[in-house]
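Commentary on secondary and tertiary structure
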Amino acid sequence: MTTGTEPTERLRRWRLVLGGEQADGTGCALSGRDAGMDGALAALYGKGDRPQTGRERAAGLGASAPSVARWLGDIRTYFPSSVVQIMQRDAIDRLGLSALLLEPEMLEAVEADVHLVGTLLSLNKAMPETTKETARAVVRKVVDDLEKRLATRTRATLTGALDRSARVTRPRHHDIDWNRTIAANLKHYLPEHRTVVPERLIGYGRAARSVKKEVILCIDQSGSMAASVVYASVFGAVLASMRSISTRLVVFDTAVVDLTDQLDDPVDVLFGTQLGGGTDINRALAHCQAHLTRPAETVVVLISDLYEGGIRDEMLKRVAAMKASGVQFVTLLALSDEGAPAYDREHAAALAALGAPAFACTPDLFPEVMAAALEKRPLPIPETA
């Protein structure tokens, strides 16, 4: 049984969706909070998908930071954070408001997220000094939130992987892993003595006391990879904080920049990138290859949509050579929550043929991928990859 309020609520929602044009057909008037919500939606979506002229924009968000800042405050009042982030991205994409992000008062009003960080990084070179401090504060907030979410689980997962990869069969007494030793020797159980004879000892390695593995993150900084650059920088900082892993971070377009010395602060890493431009994967892999000191104990992670502007055959030869030397080579089309981007399928197929299948990886899956690579196990590739 329906109540009398249900049709009214349905009309109200349709009215908000349709936007109140003459032909909306609802006959529903809005007031109070609903009217404010409708105004915020109309300012962004009121003209449909077609490009808006300057005069039409003046009736919506306008082209000044104060009016946009007021609108940002309104949407944060009326909508949850997840919706606010979507509306911010739409405002930047639909109305060309990126330039307003260069103004401090605008940045102070935004809801910070990974996508906003990507936009700020793309504007980094054009950003006036008066804005950079505010921009760094926005980026810092997002990075700190990501580290809180990802760091503990990543360290725990990889520490376990390092311990397992460092098992030894002739351990000192205090290094014996008794649980695994007993399990491995159950067939030597002597019932008359109610004891297990440990013919084979399994011990912990000393992963926490010395560098056991090396990781090289090689990150495509073309414009389409913005979210991946953010997440990879955070993970790079987490890996660099683990004494048993030596971490190198390289970003590239047509040039290669090694940001390893900035890994103690992912914000510095991010502001050291330059989103946009071409792509030369071969040159980036040459840099990584030149820094291999212990190939059999190294994991190279290439994060790229694989659109190669360099020498394709040389790129594939480098991957094959690294794998032949013992390197665990991981190819990620993206490191984000956005799924697989558009990518070069021919190059992906060629890498798969070399034993380096390319797939999109979420931040939550990344620790498991790295753990498998460190232990030289098959990678947990999503079924949709």
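Here's a quick rundown of the structure.

Criteria and thresholds
- Residues numbered from 1 in each chain as written.
- Predicted model: local features only at pLDDT ≥ 70, side-chain atom pairs only at ≥ 80, totals over all residues.
- Heavy atoms only, no water.
- 1 Å grid on protein atoms, 1.4 Å probe; cavity = no way out; pocket = protein on both sides within 12 Å on 5 of 7 lines; lining within 4 Å.
- Points joined across faces, edges and corners; volume = space filled by probe spheres on them.
- Helix = DSSP H or I, 4+ residues; strand = E, 2+ residues; numbered from the N terminus.
- Nonpolar A, V, L, I, M, F, W, Y, C, P; charged D, E, K, R; others polar.
- Salt bridge = Lys/Arg side-chain N within 4 Å of Asp/Glu carboxyl O.
- Buried < 20%, exposed > 50% of the residue type's maximum accessible area, 1.4 Å probe, protein only.
- Phe/Tyr/Trp six-rings, centres within 6.5 Å; stacked < 30°, edge-to-face > 60°.
- Contact = heavy atoms within 4.5 Å.

Next up on the list: the layout of surface pockets. Each pocket or cavity is described by its volume, and for the largest pocket that value is around 350 Å³. Mapped by element, the contributors of at least two residues to the lining of the largest pocket are α5 (81-95), α7 (114-122) and α10 (226-240). In terms of residue count, α7 provides more of the lining of the largest pocket than any other element does, 6 residues in total. Counted by class, the lining of the largest pocket contains 9 nonpolar, 11 polar and 4 charged residues.

Within this structure, the stated rule accounts for 15 salt bridges. Note that Lys 132 and Glu 129 form a salt bridge whose closest N and O atoms lie 3.6 Å from each other. With a gap of 3 residues between them, Lys 132 and Glu 129 both fall in helix α8 (residues 129-165), about one helical turn apart. For Lys 132, a relative accessible area of 27% corresponds to the partly exposed category. Taking relative accessible area as the criterion, Glu 129 reaches 61% and is therefore assigned exposed. Note that Arg 136 and Asp 268 form a salt bridge whose closest N and O atoms lie 2.7 Å from each other. With Arg 136 in helix α8 and Asp 268 in helix α11 (residues 266-271), the pair connects residues that are 132 residues apart, well separated along the chain. Under the relative-accessibility criterion, Arg 136 is labelled partly exposed at 30%. Asp 268 sits in the partly exposed class, given a relative accessible area of 28%. Through salt bridges with shared partners, a single network forms among Arg 149, Asp 337 and Asp 364.

Right, let's talk about the packing of aromatic side chains for a bit. One pass over the structure, following the stated rule, counts 2 aromatic pairs. Each ring, one from Tyr 78 and one from Phe 79, has its centre 6.5 Å from the other, and the planes form 80°; the classification is edge-to-face. One exposure class covers both Tyr 78 and Phe 79, and it is buried. A ring pair is formed by Phe 235 and Phe 366, whose centres lie 4.6 Å apart and whose planes are at 45°; its orientation type is tilted. On the criterion of sequence distance, the pair formed by Phe 235 in helix α10 and Phe 366 in helix α15 (residues 366-375) is long-range, its members being 131 residues apart.

Here Leu 302 is to be found in strand β6 (residues 298-303). Between the C-alpha atom of Leu 302 and that of Ala 358, which follows or precedes it by 56 residues, the distance is 9.3 Å. Those residues in contact with Leu 302, other than ones at most four positions away along the chain, are Cys 218, Phe 252, Ile 281, Phe 329, Val 330, Thr 331 and Leu 332.

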